[in-house]
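Here's the letter readout for the chains.
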Amino acid sequence: MNKRALETKISISEHLRIIIKDMVKNRSIYLLAIPGIIYFIVFKYLPMYGIIISFKDFSPRKGIIDSEWVGLKHFVRIFTSMDFKYILRNTVTLNVLRLITITPIVIVFALMLNEIRTIRFKKIVQTISYFPHFLSWVVVSGIVFQLFAPQSGSINKMLVAAGMQPLTFLSDPDSFRWLIIITGAWKEIGWDSIIYIAAMAGINQELYEAAKMDGAGKLKQIFHVTIPGILPTILTLLLIRIGHIMSVGFEQIYVFLNPMFYQVGDVFATYIYRVGLGQGRFSYTTAIGLFNSLVGFGLLYVSNRISRKVAQESLW
């Protein structure tokens, strides 16, 4: 065994010894992690075995192993399909719109909550803003349709009774994306702000005292103390969202989607459900899902490296 191989073996043994020692010392923490580890193994890693059907003409009758191997046939079909072009465009567009609209709104909302000094009022505002998060998208869509349905919506009935034109955005394809953005912001803004509020609570209060002594008002304190203090949190969450830029929540899109909106609202998740399960094209939609995951991982990896070089903050 040469010297380098021996050093590598010793290094691995030393790392294993350190890991085992840490596991023994913090065994209660590792025990708490076991359910989470089992969850990811059972529901995230084991199902990855099914990826191989994207390289086969899968038949439920033959099973995964015995189905015919077709190589890259379905991937070639992806890049020549008009459907793929519009679901890619819709997915990226919706996520970019979310990123540039909802993220700043959440940060501003968290900053505003952090400046409220009346505890009782702050708790009331937080409770009201958190509540929509616990509503299912089925309930949210029901509320929206009950209020704004073109013919039967309560608000539209009042507008018509007052001699005004009814709101028609629920039947207007040009308004669909903003419907998704606005309902998403309303439902999640309070819940998403929790992480930023927690990060603000960890900022050293002496920094604010020093800023006050230097004559900084509230606005300057926010820009020169609060925002720099939560910048690592902002970057971390931004990296996570970039990694999910190829994924849009299935439930929200699905409850508002109808054939009239397919060209502007159909995304990977809804297309895979509609075509894969509805039409039985399992191999084709699995190939789309695999492509989606690989692109998402690539975006996360690149953005993580850029963040590490530019801001010295990264996920790993």
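Residues numbered from 1 in each chain as written. Predicted model: local features only at pLDDT ≥ 70, side-chain atom pairs only at ≥ 80, totals over all residues. Heavy atoms only, no water.

Enquirer: Explain the overall build of the chain to me, using residue names and the numbers behind them.
Expert: In terms of regular secondary structure, the chain is built from 15 helices and two strands. A compact globule built from 316 residues should have a C-alpha radius of gyration of about 20 Å, whereas the chain, at 25 Å, is more than 25% larger. Each principal axis of the C-alpha distribution contributes one length, and for the chain these read about 90 × 70 × 35 Å. Counting only residues that meet the buried cut, the chain has 35% of its 316 residues in that class. The long-range fraction of contacts in the chain, counting pairs at least 24 apart against all pairs at least 6 apart in sequence, stands at 63%. Of the accessible surface of the chain, which amounts to about 19800 Å², a share of 68% is contributed by carbon and sulfur atoms. Treating the 32 positive side-chain charges of the chain as one cloud and the 18 negative ones as another, the clouds have centres 3 Å apart. (Helix = DSSP H or I, 4+ residues; strand = E, 2+ residues; numbered from the N terminus. Rg over C-alpha atoms; globule rule 2.2 N^0.38 Å. Buried < 20%, exposed > 50% of the residue type's maximum accessible area, 1.4 Å probe, protein only. Contact = heavy atoms within 4.5 Å. Areas by Shrake-Rupley, 256 points an atom, 1.4 Å probe, with all protein chains shown as cover. Lys, Arg positive; Asp, Glu negative; His and termini not counted. Charge placed at Lys NZ, Arg CZ, Asp CG, Glu CD.)

Enquirer: Quick rundown of the pattern of salt bridges? Include the residues and the values.
Expert: Per the stated rule, a full pass over the model turns up six salt bridges. In this structure, the salt-bridge partner of Lys-187 is Glu-188, at a minimum N-O distance of 3.3 Å. Across this residue pair, the class does not change: Lys-187 and Glu-188 are buried. Residues Asp-266 and Arg-274 are paired through a salt bridge, measuring 2.2 Å at the closest nitrogen-oxygen approach. For Arg-274, a relative accessible area of 24% translates into the label partly exposed. Connected through salt bridges with shared partners, the residues Glu-115, Arg-117 and Lys-218 form a single ionic network. (Salt bridge = Lys/Arg side-chain N within 4 Å of Asp/Glu carboxyl O.)

Enquirer: Lay out the layout of surface pockets in plain terms, naming residues and giving numbers.
Expert: Computed from the structure, the largest pocket encloses a volume of approximately 1200 Å³. Along the wall of the largest pocket there are 26 residues; nearest its centre are Lys-44, Ser-247, Gly-289, Asn-292 and Ser-293. Elements supplying a minimum of two residues to the lining of the largest pocket: helix H2 (27-45), helix H11 (218-243) and helix H15 (282-310). There is about 780 Å³ of room inside the second largest pocket. Around the second largest pocket, the lining is made up of 21 residues, and of these Arg-98, Glu-188, Asp-192, Arg-241 and His-244 lie nearest the centre. Secondary-structure elements contributing two or more residues to the lining of the second largest pocket are helix H5 (82-114), helix H9 (176-201), H11 and helix H12 (250-256). Its residues assigned to classes, the lining of the second largest pocket shows eight nonpolar, eight polar and five charged. (1 Å grid on protein atoms, 1.4 Å probe; cavity = no way out; pocket = protein on both sides within 12 Å on 5 of 7 lines; lining within 4 Å. Points joined across faces, edges and corners; volume = space filled by probe spheres on them. Nonpolar A, V, L, I, M, F, W, Y, C, P; charged D, E, K, R; others polar.)

Enquirer: Kindly report on the nonpolar core, identifying the contributing residues and their values.
Expert: With 25 residues, the main nonpolar core has Tyr-196, Met-200 and Ile-230 as its most contacted residues. With 16 residues, the next largest nonpolar core counts Val-140, Phe-176, Ile-253 and Phe-256 among its residues. (Core = buried A, V, L, I, M, F, W, Y, C linked by side-chain atoms within 4.5 Å.)

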